[in-house]
Amino acid sequence: MRYFRMFLRWVMFALCLSFKFANSESAINPIIVQGNRFIDSVTGKPFFVKGVDYQPGGSSEITEERDPLSDPEVCARDISLFQELGINTVRIYSVNPELNHDKCMTMLAVAGIYLVLDVNSPLDNQHLNRYEPWTSYHPLYLEHIFNIIEEFSYYNNTLGFFAGNEIVNDRRSAQYSPPYIKNVIKDMKQFIKLHSPRPIPVGYSAADYLRYRVSLSKYLECCEHGNSASSVDFYGINSYQWCGSQTMESSGYDKLIDTYKSYTKPLIFSEFGCNKVLPRQFEEVSALFSDRMNDVFSGGLVYEFTQEPNNYGLVKINGEGDALLLDDFFQLKKHYTHLDQVGRQQLKVPTRDGNLIFYEQKSKNNIPKNGCPVCLDKYSNLNIDTKVDSDLGVFLIKEGVSNEHGQFVQLEDSELVSKFKIYNGTGEVPEKVKRIEILHDLGIFNDVKDKNRKQAGDNPKTSTGFRLNQNLFAVFMCFMLLISDNILTGIRNLAAFIYHV
Ligand SMILES: *[C@@H]1O[C@H](CO)[C@@H](O)[C@H](O)[C@H]1NC(C)=O
Ligand SMILES: *[C@@H]1O[C@H](CO)[C@@H](O)[C@H](O)[C@H]1NC(C)=O
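Residues numbered from 1 in each chain as written. Chains lettered and ligands numbered in written order. Predicted model: local features only at pLDDT ≥ 70, side-chain atom pairs only at ≥ 80, totals over all residues.

### Remarks on the confidence of the model for the protein
Note: predicted coordinates in regions of low pLDDT should not be interpreted at a detailed level. Overall, the predicted model of the protein reaches an average pLDDT of 85, with 78% of residues at or above 70. Confidence over residues 19-24 falls short of pLDDT 50; this stretch has two contacts with residues more than four positions distant or in other chains. This stretch, residues 448-470, has a pLDDT under 50; its non-local contacts, to residues over four places away or in other chains, come to 13 contacts. (pLDDT = per-residue confidence, 0-100. Contact = placed C-beta atoms within 7 Å.)

Have a look at this one:
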């Protein structure tokens, strides 16, 4: 009897706590790599990249003061539009690791959007020189990429890093750079292993030239001396081969499937969206997310969100920072939002953050039993014999770098709303389009249910304190329940607790 009571008490204690803390936090789950799939590390479901490339102003806009994730007002404008488009991932080509990105990364996470981040920039000491990599592979360069990893690996919604983009893109670069790329991948993976709070995939984004299509992907995939340290965790292809109205065969997508069907890592289109036929119809989206393609590819990213001189934009930003949604925006939105609703047998109901969830996980058959293929002596059209001074990173990898860790921060409700105007051709878009919808509250909002308090413009500091006190009080009351003499008192205390909260 005594034990039974004790047991009952503990049960009520647990119930009491779970009652208080249920729904108070909705996390964003890290993505991991398993075989040739991206997997949600908590639900275990495959993750398909449905995204856009995002670098307003182009990479040359990276400065001491700004980059694509440094200005929360710009982020609010664009992230609400990301949600309107129905995406779950953005790729960013360059950031400045000395700037603070907490607010923008929090907004992305709240919106259920992941980031694939390139670690290079056009600035000095921040990229490999593809023709003379030995002049640019040095500690200052490594420090730059480690600083980025040090900051971004602390955000759960960092999906992965690209070690390089299109470094091999002609005969000369293929002559010199391949072993350097592999070495940068190795440095990054070692740094992550020692200094990051979780494993984060390191990939490479390739220009899709037939000369190097097979050889480069195989070379970056392979394990040296049976060791996966320098093997990519995922592989991106920049593919513009589907232009206008095409089929799997006329576009050559069928060849891509053939080439990559036994690749052991996740594959994505790190850029797609040919603009030779305008306006773009984005029919390739249905193909990319078809059963045939999804056996081998895990989705892709449309190049690119903002309109720049090369004319690939979905959205045009004017001098005031106001946004005009272009035809391509609505075309892509049609396809991306359509994906969740129709068609395919194995598609389960979509989650609200736009992930596609599969009933059957075909990919299981594809996961190779014994890890990655052993490196060969030669790869066609590539020179892999250049010796790299691979000790250059040893000190930094061991000692680490001192950049700040990223973290999710508290946001005011008003920060989730675009302060810029957004036009759609006929007029301004409805207000709700300008607001980031909260899909993951991350436990950072004071009280999402109590909408009225938002208007009062409350001070985040005092409200955090309030929240903390409230939680302490709850734990205290639950504890009282646990130690109180009999169940009746317990129930009375519980009633008091509920009444108070
Ligand atoms: C980040 O992911 C970890 C592991 O799944 C989880 O425990 C944590 O709550 C997440 N954090 C946020 C803020 O989403
Ligand atoms: C543009 O916005 C107007 C006003 O909110 C709305 O009536 C119209 O349907 C929108 N057009 C498109 C293409 O979304």
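### A closer look at the site of ligand 1
Around ligand 1 sit Ala27, Ile28, Asn29, Pro30, Ser41, Val42, Asn156, Phe408 and Leu442, and those are all the residues in its vicinity. For the shell around ligand 1, the per-class residue count stands at six nonpolar, three polar and no charged. (Near = placed C-beta within 6 Å. Nonpolar A, V, L, I, M, F, W, Y, C, P; charged D, E, K, R; others polar.)

### A look at the environment of Val74
Locating Val74 in the fold gives a position in helix α2 (residues 72-85). Note: C-alpha distance between Val74 and Asp322 (248 residues apart in sequence) is 9.6 Å. (Helix = DSSP H or I, 4+ residues; strand = E, 2+ residues; numbered from the N terminus.)

### Section: the site of ligand 2
Ligand 2 sits among Phe330, Asn424, Thr426, Gly427, Val429 and Pro430. Residue composition of the shell around ligand 2, by class: three nonpolar, three polar and no charged.

### Side note on the packing of helix α5 (residues 139-152) against helix α7 (residues 178-195)
At a minimum axis distance of 10 Å, the contact between α5 and α7 shows a crossing angle of 45°. In terms of their interaxial angle, α5 and α7 are classed as oblique. The interaxial crossing formed by α5 with α7 has right-handed handedness. Where α5 approaches α7, its residues Leu142, Ile145, Phe146, Ile149 and Glu150 are matched on the opposing element by Asp187, Met188, Phe191, Ile192 and His195. (Axes fitted to C-alpha atoms, helices over the stretch in contact; angles between N-to-C directions. Parallel < 35°, antiparallel > 145°, perpendicular 65-115°, else oblique. Left-handed = near helix turned anticlockwise from the far one by under 90°.)

### Focus on the nonpolar core
Core analysis: the biggest nonpolar cluster contains 112 residues, and Met107, Ala163 and Met188 have the highest contact counts within it. With near-sequence residues (within four places) excluded, Met188 lies in contact with Ile145, Ile149, Phe161, Ala163 and Val202. (Core = buried A, V, L, I, M, F, W, Y, C linked by C-beta atoms within 7 Å. Buried ≥ 20, exposed ≤ 12 C-beta atoms within 10 Å, placed from the backbone.)

### A word on the environment of Val429
Note that Val429 resides in the loop between β14 (422-423) and α15 (451-455). Using a count of 19 C-beta atoms within 10 Å as the deciding quantity, one classes Val429 as partly exposed. A sequence separation of 104 residues divides Val429 from Leu325, and the C-alpha atoms of the two residues are 9.4 Å apart. Here Val429 is in contact with Ile422, Asn424 and Lys434, once residues within four sequence places are set aside.

### Re the packing of α2 against helix α3 (residues 102-110)
The interhelical angle for the contact between α2 and α3, taken along N-to-C directions, is 15°, at an axis separation of 9 Å. Taken together, the axis directions place α2 and α3 in an arrangement best described as roughly parallel. Here the hand of the crossing between α2 and α3 comes out right-handed. Between α2 and α3, the contacting residues are Pro72, Cys75, Ala76 and Ile79 on the first element and Lys103, Cys104, Met107 and Leu108 on the second. Of the residues assigned to the contact of α2 with α3, the class counts are seven nonpolar, no polar and one charged.

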